[in-house]
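# Report on the structure
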Amino acid sequence: MKLGIVGLPNVGKSTLFNSITKAGAECANYPFCTIEPNVGVVPIPDKRLEELAKLYNSKKITYATIEFVDIAGLVKGASKGEGLGNQFLANIRETDAIVHVVRCFEDSNIVHVDGSIDPLRDIEVINMELIFADMETLDKRLSKLKHQMNNDKEAKVEYDILDRLKKHLETGKLAISFETKDEDEEKVIKDLNLLTYKKVIYALNVSEDDIANDGANNDFVKKVKDYALKNGSETFVLCAKVEEELAGLDDSEKEEFLKELGLKESGLDKLVKASYKLLNLMSFLTAGETETRAWTISIGTKAPQAAGKIHTDFEKGFIKAEVVNYKDLLELGSLAKAKEKGLVRMEGKDYVVKDGDVMLFRFNV
């Protein structure tokens, strides 16, 4: 899973990136301190793996990962080359979803590029830059199709779809809100990898005073949550400053610090949950003496395709999958005991994998 972190300058974007990746991207109180897109790969916290590894005496634990790309702070006119220009917008095209950091706190010591705090205006500024960049992509594609469509029926069909989409964008709406007529139209748009066709998670950056109650009394937070709900996006509340402090602590200190703040989980934990929900993802597990590991798949994936995540040969020669729920396995203390209780099942090609399934695949190539 690859997520692009965007936002206006000085909203806490690079502070968030630093804290969740510990990659040490430069962070300062002025725009454009992130000159190159920073990339960090973060293991997804998963206590199930640690418990299973103890049970199997595994030599190694391999967590699922998220790759974060921190894009330099965008400003009005970025798509036309303002600020650091739209070279950064190209980096977002490669991501599965966008994490849009929105500033929801007042602080006279931290300047805002537009001089005041207004998260909905900030969202609109970023959205318009992404729309302009997408319109440029569409113009190039439409120009190419125009020369082809006299002799090519498919080119004419694609031209008509994209022409309708361009008119939709011209009204200030995102590509993701464009209503397609069928799956073929959807595929045409998906293949263009448009920025405004990506799903968005809003990271609502609040002050330390607001984090304990998850921003419940923060009017900025309420407005963004309402906006996200109407637009099919996810949100989570965090304090980038707190996340930065957490980044320097070990696990036990982190737990203690969160408890002191009245928090049950870190911003990274919240982001993982929001990402999985938004992208319709889950994890199945494999466990043994050599390695205990989490594998990320889409909800609704069948057993052979899940096996294919491990190795293509597993999918090609799939015979059966031995499946047990991780809770049952941990509760009973061994696979043998789970088998005695009839909790280990042999599943075939039509089995839809569930989150937390511990699986062993049988295959023949």
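Our subject is the structure listed above.
Residues numbered from 1 in each chain as written. Predicted model: local features only at pLDDT ≥ 70, side-chain atom pairs only at ≥ 80, totals over all residues. Heavy atoms only, no water.

## Here's the deal with the sheet that holds strand 6 (residues 199–205)
Here we have 6 strands laid out as an open sheet, ordered 2-4-1-5-6-7, and mixed in their pairing. Unpaired on one side and paired on the other, strand 2 (38–43) and strand 7 (234–238) mark the two borders of the sheet. Neighbouring strand axes in the sheet, compared pairwise and without regard to direction, differ in orientation by 25° on average. Relative to strand 7, strand 6 is paired through 5 bridges, and the arrangement is parallel. Pairing of N205 across the sheet is with L238, part of strand 7. Strands strand 1 (2–6), strand 5 (97–103) and strand 6 of the sheet are contacted by helix 4 (residues 119–148), whose axis makes an angle of about 145° with strand 5. (Pairing = 2+ DSSP bridges. Helix = DSSP H or I, 4+ residues; strand = E, 2+ residues; numbered from the N terminus. Axes fitted to C-alpha atoms, helices over the stretch in contact; angles between N-to-C directions. Contact = heavy atoms within 4.5 Å.)

## Considering the packing of aromatic side chains
For the structure shown, the criterion picks out 5 aromatic pairs. Aromatic rings pair up to connect F284, W295, F318 and F361 into one cluster. The lysine or arginine in question, R48, covers the ring of Y326, its NZ or CZ lying 5.4 Å from the ring centre. The ring of W295 carries R293 above its face, with NZ or CZ at 4.0 Å from the centroid. (Phe/Tyr/Trp six-rings, centres within 6.5 Å; stacked < 30°, edge-to-face > 60°. Lys NZ or Arg CZ within 6 Å of the ring centre and 35° of its normal.)

## Quick notes on the nonpolar core
Within the largest apolar cluster, 66 residues are counted, with the highest numbers of intra-cluster contacts made by F68, C104, Y202, L204 and L271. Ranked by the residues each element gives to this core, the list is headed by helix 11 (residues 267–278), at 6 residues. Beyond its immediate sequence surroundings of up to four residues, L271 is in contact with L3, I20, F68, V99, I201 and F236. Grouped together as the second largest cluster of nonpolar side chains are 17 residues, L145, A155, I161 and L162 included. (Core = buried A, V, L, I, M, F, W, Y, C linked by side-chain atoms within 4.5 Å. Buried < 20%, exposed > 50% of the residue type's maximum accessible area, 1.4 Å probe, protein only.)

## Remarks on helix 11
With 12 residues, helix 11 ought to run about 16 Å at 1.5 Å a step, and its terminal C-alpha atoms sit 16 Å apart, in line with that. Most of helix 11 is tucked away, with 9 of its 12 residues classed as buried. After helix 11 finishes, the residue N280 shows a positive phi value of roughly 60°. (Expected span 1.5 Å × (residues − 1).)

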